[in-house]
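One letter stands for each residue in the lines below.
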Amino acid sequence: MSVLDLARPEIRELAPYASARSIAGISPVTLNANESPWPAPGDATGKLNRYPEPQPAALVEAVANHFAVDASRVLVTRGSDEAIDLLIRAFCAAGRHAIVQCPPTFGMYAISARIQDARVINVPLLADEGFGLDLPGLGLAAEDPAVRLIFLCRPNNPTGSMYEAEGILNLCRQLSDQALIIVDEAYMDFAAEPSMAKDLEALPNLAVLRTFSKAHALAGARCGCLLASPDVISLLKRILAPYPLPTATIDAALKALEPESLAATQLQTQLLNQGREVLAKVLKDLPYVREQWPSEANFILLRVDDGPALCDWLAGQGVLVRNFHSNPVLSNCLRISIGSPPENARLAQLLEAYSP
Ligand SMILES: *Cc1c(COP(=O)(O)O)cnc(C)c1O
């Protein structure tokens, strides 16, 4: 059995829209796409009058190199949010199929599922065990024949928790013909462990999501990617928008993957990780902090006596942090992103001055 057998048959059989640029590139005389022959006024790049390549070969190649996978395993998307949406639309028939997620986690898995009218099965993280994965619970949930996709966020947003790779690899083996397991590695640049991209070849039902929005400082460019089996990548290309990536986004992502940019990003990542350790120490000594969770991401989740009050007070001082109090499992919890050293210093100064 192939993981494609889990996909919607009508998508497997769909003939994708053949856009001009997917049929042929740019020629000395390019008259096949109803574009303007002139660059737009003020367009310094001189190329915005042309549609971009749907999957720019140079970018796909650079991403493949960066994650040490074959180019046939790469789909570049408009943020990883687009990849989540494509996966759910390709694998879940409305009103029939389901995804599994492990809350508290990133909100987009459930939202994309609900938009597609796919059921959301929750296998909550084990709050008493530092928000660890409930692997037996995941195995049981996947027994439901409606399940198509399992979303795991590693390290997890908003808890910062890291899961052992071995458990996830075993789950993939156990569910090889039952579900596609998607490991969202949005924060993996900040973690000590290696990416699971190296396991894709051995496990056709594993997929990895990455983004340029966090460590690579390109949230505004909207660029992410899915790394998966070549079958899954070809399937998703059938439903991909004709031109998902703006030209400026492609250029920014290519730039981010150049060696000098990667070196600078690595230094910034180290700085953020140091900032995280400093903040953890500050939090440890504050009388109103009840709990903080070890994080391998660029943020820390903590519980205080009165979360909403602290969030409001910080906001009044010009510092925004994320309030998670409305989630019963995260009552009085806030998530603080690590900023630049001066931003972190300002935050620490305020936290130490705060009296509830
Ligand atoms: C921020 C984040 C993303 C990134 O989404 P983009 O659409 O690529 O900006 C993906 N997954 C998680 C868990 C995140 O927190």
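Presented here is an overview of the structure given in this document. (Residues numbered from 1 in each chain as written. Predicted model: local features only at pLDDT ≥ 70, side-chain atom pairs only at ≥ 80, totals over all residues. Heavy atoms only, no water.)

**Things to note about the sheet that holds strand S10 (residues 322–323)**
Judged by pairing direction, the sheet is antiparallel, and its four strands sit side by side in the order S8-S9-S11-S10 without closing on themselves. Each edge of the open sheet is held by one strand with a lone partner, namely strand S8 (289–292) and S10. Across two bridges, S10 lies against strand S11 (residues 333–337) in antiparallel orientation. Following the sheet pairing, Asn-323 is matched in S11 by Leu-334. (Pairing = 2+ DSSP bridges. Helix = DSSP H or I, 4+ residues; strand = E, 2+ residues; numbered from the N terminus.)

**What about the packing of helix H3 (residues 57–67) against helix H9 (residues 247–256)?**
Two elements in contact, H3 and H9, have axes whose closest approach is 10 Å; the angle formed by their N-to-C orientations is 30 degrees. Helix-helix and strand crossings are classified by hand; for H3 and H9 the assignment is left-handed. Two secondary-structure elements touch here, H3 through Ala-58, Leu-59 and Ala-62 and H9 through Ile-250, Ala-253 and Leu-254. Classifying every residue of the contact of H3 with H9 gives six nonpolar, no polar and no charged. (Axes fitted to C-alpha atoms, helices over the stretch in contact; angles between N-to-C directions. Left-handed = near helix turned anticlockwise from the far one by under 90°. Contact = heavy atoms within 4.5 Å. Nonpolar A, V, L, I, M, F, W, Y, C, P; charged D, E, K, R; others polar.)

**Regarding the site of the ligand**
Around the ligand lies a shell of 14 residues, among which Ser-80, Tyr-187, Thr-211, Ser-213 and Lys-214 are the nearest. Within the contact set of the ligand, an oxygen atom lies 2.6 Å away from a backbone nitrogen or oxygen of Ser-80. Here the ligand has 390 Å² of accessible area as a free molecule, and 94% of this is covered by the chains. Looking at the shell around the ligand, the element that brings in the most residues is helix H4 (residues 79–91), giving three residues. The residue makeup of the shell around the ligand, split by class, is five nonpolar, five polar and four charged. (Near = heavy atom within 4 Å. Polar contact = N/O pair within 3.5 Å; in protein donor to acceptor, adjacent residues only side chain to side chain. Areas by Shrake-Rupley, 256 points an atom, 1.4 Å probe, with all protein chains shown as cover.)

**What to know about the pairing of S8**
For S8 and strand S9 (residues 299–304), the ladder comprises three bridges, and the chain directions are antiparallel. Residue pairing for S9: Glu-291 is matched across the bridge by Arg-303. Between the end of S8 and the start of S9, which pair antiparallel, lie six residues.

**Quick notes on the pairing of strand S2 (residues 98–101)**
Side chains Ala-98 and Val-100 project from S2 onto one buried face, and the interleaved Ile-99 and Gln-101 project onto a second face that is buried too. Here four bridges tie S2 to strand S3 (residues 119–122), and the two strands are oriented parallel to one another. Opposite Ile-99, over in S3, you have Val-120 as the bridge partner. Note on the crossover from S2 through helix H5 (residues 108–115) to S3: the handedness is right-handed. (Buried < 20%, exposed > 50% of the residue type's maximum accessible area, 1.4 Å probe, protein only. Right-handed = clockwise from strand over helix to strand, strands pointing away.)

**Some thoughts on H5**
Among the residues of H5, those classed as buried are Tyr-109, Ala-110, Ser-112 and Ala-113. For H5, the angular spread of buried residues about the axis comes to 165 degrees, placing them on one side. Exposed positions of H5 whose direction lies more than 90 degrees from the buried face are Arg-114 and Ile-115. For H5, the elements touching its buried residues are H4, S2, S3, strand S4 (147–153) and strand S5 (180–184). Where H5 terminates, the next one or two residues include Asp-117, which has phi positive at roughly 60 degrees. (Arc of directions from axis to C-beta.)

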